[in-house]
Amino acid sequence: MLLLAIVFLAFVSLGIPDGVLGVAWPSIRDAYGLSQASYGLIVVGAGPGYFLSGLAAGDVLTRLGLGRTLVASTALVAAGLGAVGSGLPWPWPILALGVVGLGSGTIDAGINAFSSARLSARQLNWLHASHSLGAATGPAIMTYALTTGSGWQTGYRIIAAIMGGM
């Protein structure tokens, strides 16, 4: 049961950052004086990290085991989100979100591989539902930060702290 809870929590954590950028983007764009088209640079920056870590996730999981893989990957996500929240000058947030992609890709592919070999179809459905809980939570946190006047950096720092706690 503990292992199942850890795996579910990992997928909640995987979902938390997923929708945050869409909520924060107008504020980020204005803060850096960017065009709307610059959003594509962030996607291009984060994508390769996710892709590459997804490819390597099986090897990482085999070498480190589930626990250490989750700790290392979640630490990467927390560090990347914290760097975005620190207000680094442009274009550093692109690199920081690439770090988020590295951690997220490993969590996603690694947990899916681990779980598909050990969990029932019903448990796998609940696992992916856990992702939805995180995907709804992240944008809510960012919305709260923006509507209270705390700003997008604070939203990212809050989410980084949550990820660090996980």
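All figures in this text were calculated on a predicted structure; none of them were measured in a lab.

What counts as what
Residues numbered from 1 in each chain as written. Predicted model: local features only at pLDDT ≥ 70, side-chain atom pairs only at ≥ 80, totals over all residues. Heavy atoms only, no water. Helix = DSSP H or I, 4+ residues; strand = E, 2+ residues; numbered from the N terminus. Rg over C-alpha atoms; globule rule 2.2 N^0.38 Å. Buried < 20%, exposed > 50% of the residue type's maximum accessible area, 1.4 Å probe, protein only. Contact = heavy atoms within 4.5 Å. Areas by Shrake-Rupley, 256 points an atom, 1.4 Å probe, with all protein chains shown as cover. Lys, Arg positive; Asp, Glu negative; His and termini not counted. Charge placed at Lys NZ, Arg CZ, Asp CG, Glu CD. Core = buried A, V, L, I, M, F, W, Y, C linked by side-chain atoms within 4.5 Å. Axes fitted to C-alpha atoms, helices over the stretch in contact; angles between N-to-C directions. Parallel < 35°, antiparallel > 145°, perpendicular 65-115°, else oblique. Left-handed = near helix turned anticlockwise from the far one by under 90°. Nonpolar A, V, L, I, M, F, W, Y, C, P; charged D, E, K, R; others polar. Expected span 1.5 Å × (residues − 1). Arc of directions from axis to C-beta.

1. Concerning the overall build of the chain
- Each helix and strand in the chain was counted, giving six helices and zero strands.
- Secondary structure of the chain in N-to-C order comes out as α-α-α-α-α-α.
- Its C-alpha atoms give the chain a radius of gyration of 16 Å, within 12% of the compact-globule value 15 Å for 166 residues.
- If you line up the chain on its principal axes, its C-alpha atoms span 50 × 30 × 25 Å.
- Considering the chain as a whole, with its 166 residues, one finds that 40% of them fall into the buried category.
- When contacts within the chain are restricted to residue pairs at least 6 apart in sequence, those whose partners lie at least 24 apart make up 78%.
- If you sum the accessible surface of the chain, you get close to 8100 Å²; carbon and sulfur atoms cover 68% of it.
- Side-chain charges in the chain split into 6 positive and 4 negative, and the spacing between the mean points of these groups amounts to 9 Å.

2. Here's the deal with the environment of L146
- In this structure, L146 sits in helix α5 (residues 121-147).
- Linking L146 and S27, residues 119 residues apart in sequence, is a C-alpha distance of 8.5 Å.

3. Comments concerning the nonpolar core
- Counting 36 residues, the largest nonpolar core has L81, I111 and Y156 as the members making the most contacts within it.
- Of all the secondary-structure elements, those providing two or more residues to this core are α1 (2-15), α2 (20-32), α3 (39-85), α4 (92-118), α5 and α6 (152-165).
- Of all the elements, α3 adds the most residues to this core, at eight residues.
- Contact partners of L81, with chain neighbours within four places excluded, come to P17, V100, Y156, I159, A160 and M163.

4. A word on the side chain of S13
- By the secondary structure assignment, S13 is in helix α1.
- Dropping the residues within four chain positions of it, S13 is found in contact with I107, M163 and M166.

5. Remarks on the packing of α3 against α6
- The contact between α3 and α6 brings their axes to 8 Å, and the two run at 165 degrees. Considered as vectors, α3 and α6 are oriented roughly antiparallel to each other. Crossing handedness for the pair α3 and α6: left-handed. Each of T74, V77, A78, L81, G82, V84 and G85 in α3 lies in contact with α6, whose residues at this interface are W152, Q153, Y156, R157, I159, A160, M163 and G164.
- A breakdown of the residues in the contact of α3 with α6 according to their chemical character gives nine nonpolar, five polar and one charged.

6. Here we look at the environment of L70
- Residue placement: L70 occurs in helix α3.
- You can call L70 buried: its relative accessible area is 10%.
- Setting aside anything within four residues of it in sequence, one finds L70 in contact with I6, A10, I107 and I111.

7. Quick look at α6
- For α6, which comprises 14 residues, the first-to-last C-alpha distance of 20 Å matches the rise-based estimate of 20 Å (1.5 Å per residue) to within 8%.
- Within α6 the residues assigned to the buried category are W152, G155, Y156, I159, A160 and M163. The buried residues of α6 occupy an angular sector of 135 degrees when the element is viewed end-on, so they sit on one face. Residues of α6 that are exposed and angled more than 90 degrees away from the buried face: A161, G164 and G165.
- Against the buried residues of α6 lie α1, α2, α3 and α5.

8. Quick notes on the packing of α2 against α6
- Their axes nearest at 9 Å, the elements α2 and α6 cross at an angle of 140 degrees. Between α2 and α6, the crossing angle belongs to the class labelled oblique. Across the interface between the two elements, V20, L21, A24, S27, I28, A31 and Y32 of α2 pack against W152, Y156 and I159 of α6.
- Residue composition of the contact of α2 with α6, grouped by class: nine nonpolar, one polar and no charged.

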